[in-house]
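Close look at the chain arrangement
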Amino acid sequence: MGATVLIVEDEPGIQEVLRFNLHQNGYDTWVASDAEQAWALLREGMPDALLVDWMLPGMNGIELTRKVRADRRLKDLPIIMLTARIEERDKILGLDSGADDYLSKPFSPRELLARLRAVLRRRVPQGTEAPVEIGLLRLDPVGHRVTGGEQLIELGPTEFRLLHFFMTHAERVYSRAQLLDHVWGDHVFVEERTVDVHIRRLRSALAPYGHDGLIQTVRGAGYRLSVQ
Ligand code: CA
């Protein structure tokens with residue numbers, strides 16, 4: 001089954017190019033001409049990813065992205081920002097607003113599809129949908145749930161991806177740079193100390209269930225998940 005992509009673009013010509021290329025490659029599409037229409041569609045259902053034009057009439061693409069990220073149900077949706085602006089500071093503003101990636105117009109359909117595949121892959125970075133269990137800890141990538149015994153453990157999206165990576169690569173040590181590659185993908189704006197922040201959050205989320213000791217610091221090397 002193809003993923004569904006919500007296209008938010010006001011220029012009919014570009015809308016059509018996007019729709020055509022996505023359909024040709026097995027995606028389903030929803031189309032909105034402005035942020036209000038997009039929001040109405042998001043209230044009704046859940047696409048797999050968003051392509052959002054920066055310059056829209058009314059609420060712009062940056063504001064829409066912030067609104068999606070602030071919404072409890074929608075916050076993890078992959079978002080690619082489309083724009084004619086090519087300056088570096090605009091790129092950073094786009095990513096700061098919560099977009100996962102950025103595509104400058106004019107873009108080639110091949111580049112669009114490659115970036116879309118990348119953000120969709122990053123959502124479940126291990127490329128597997130099978131639940132993983134270690135001791136009493138169970139992670140279900142499809143249901144996006146982590147349980148410790150009978151109890152549901154609440155994790156942020158990054159902590160979830162990090163735990164998924166560790167659980168599928170147990171007993172091996174990974175450096176911060178390797179974790180960035182595997183868990184964050186090719187995101188160039190993330191610093192290595194960000195890893196420490198998310199490790200800390202992951203440990204404190206696991207602590208009430210007694211699983212915080214699973215994530216071990218290996219001095220001078222990095223981190224590993226170990227049941228030893
Ligand atoms: Ca536009």
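What counts and how
Residues numbered from 1 in each chain as written. Predicted model: local features only at pLDDT ≥ 70, side-chain atom pairs only at ≥ 80, totals over all residues. Heavy atoms only, no water. Axes fitted to C-alpha atoms, helices over the stretch in contact; angles between N-to-C directions. Helix = DSSP H or I, 4+ residues; strand = E, 2+ residues; numbered from the N terminus. Parallel < 35°, antiparallel > 145°, perpendicular 65-115°, else oblique. Left-handed = near helix turned anticlockwise from the far one by under 90°. Contact = heavy atoms within 4.5 Å. Nonpolar A, V, L, I, M, F, W, Y, C, P; charged D, E, K, R; others polar. Salt bridge = Lys/Arg side-chain N within 4 Å of Asp/Glu carboxyl O. Buried < 20%, exposed > 50% of the residue type's maximum accessible area, 1.4 Å probe, protein only. Phe/Tyr/Trp six-rings, centres within 6.5 Å; stacked < 30°, edge-to-face > 60°. Lys NZ or Arg CZ within 6 Å of the ring centre and 35° of its normal. Domains from an automatic or database assignment. Donors = N, O, S within 2.8 Å, 3.2 Å for Na, K, Ca; no water. Expected span 1.5 Å × (residues − 1). Arc of directions from axis to C-beta.

With that settled, the discussion passes to the packing of helix α2 (residues 35-44) against helix α3 (residues 61-69). Two elements in contact, α2 and α3, have axes whose closest approach is 10 Å; the angle formed by their N-to-C orientations is 20°. On the basis of the axis angle, α2 is roughly parallel to α3. For the element pair α2 and α3, the recorded crossing hand is right-handed. Listed contacts from α3 to A35, A38, W39 and L42 of α2 are L64, K67 and V68. Its residues placed into classes, the contact of α2 with α3 shows 6 nonpolar, no polar and 1 charged.

Summed over the entire model, instances satisfying the criterion amount to 12 salt bridges. Residue K75 is joined to D76 by a salt bridge in which the shortest nitrogen-to-oxygen separation is 3.9 Å. A salt bridge links E159 to R201, with the shortest nitrogen-to-oxygen separation between them at 4.0 Å. On the criterion of sequence distance, the pair formed by E159 in helix α6 (residues 157-168) and R201 in helix α8 (residues 193-206) is long-range, its members being 42 residues apart. Accessibility expressed as a relative area gives 6% for E159, which makes it buried. A cluster of three or more residues bridged by salt bridges with shared partners is formed by E9, E11, D53 and K105.

Turning to the packing of aromatic side chains, a few remarks are in order. Both the distance between ring centres and the angle between the ring planes are used here to describe each pair of aromatic rings. This structure, assessed with the given rule, holds 2 aromatic pairs. The interplanar angle of 70° and the centroid separation of 4.8 Å between the aromatic rings of F165 and Y174 together place this pair among those described as edge-to-face. A residue is classified by how much of its surface remains accessible, and F165, at 2% relative accessible area, is buried. The rings of F165, F166 and Y174 are connected pair by pair, giving a single aromatic cluster. One cation-aromatic arrangement involves K67 over W39; the distance from NZ or CZ to the ring centre is 4.4 Å.

Attention now goes to the environment of R43. Mapping R43 onto the fold places it in helix α2. Distance from R43 to R219, taken between C-alpha atoms, is 47 Å for residues 176 residues apart in sequence. In this view, R43 contacts D71, R73 and L74; residues no more than four positions away in its chain are not counted.

Attention now goes to the domain arrangement of the protein chain. Under the domain assignment used here, the protein chain contains domain 1 (4-127) and domain 2 (132-225). For domain 1 and domain 2, the distance between their C-alpha centres works out to 27 Å.

Moving on, we get to the coordination of the calcium ion. Every protein donor of the calcium ion is accounted for by D10 (OD), D53 (OD) and M55 (O), and the metal-donor separations fall at 2.1 to 2.4 Å. Summarised as a motif, the one-chain spacing of the donors to the calcium ion is D-x42-D-x1-M.

An α-helical segment advances 3.6 residues per turn. Residues three or four places apart therefore align on the same side. With 13 residues, helix α1 (residues 12-24) ought to run about 18 Å at 1.5 Å a step, and its terminal C-alpha atoms sit 18 Å apart, in line with that. Listed as buried for α1 are I14, Q15, L18, N21 and L22. When α1 is viewed along its axis, its buried side chains cluster within an angular range of 145° and face the same direction. For α1, exposure combined with an orientation more than 90 degrees from the buried face picks out P12 and Q24. One or two steps after α1, the chain reaches G26, where phi turns positive at roughly 90°.

Between K105 and P106 the backbone carries a cis peptide bond, its omega angle lying at -5°. Structurally, P106 can be placed in the loop between β5 (101-104) and α5 (109-123). Backbone geometry places H144, a non-glycine residue, at a positive phi of 55°. Its location among the elements puts H144 in the loop between β7 (137-140) and β8 (145-148).

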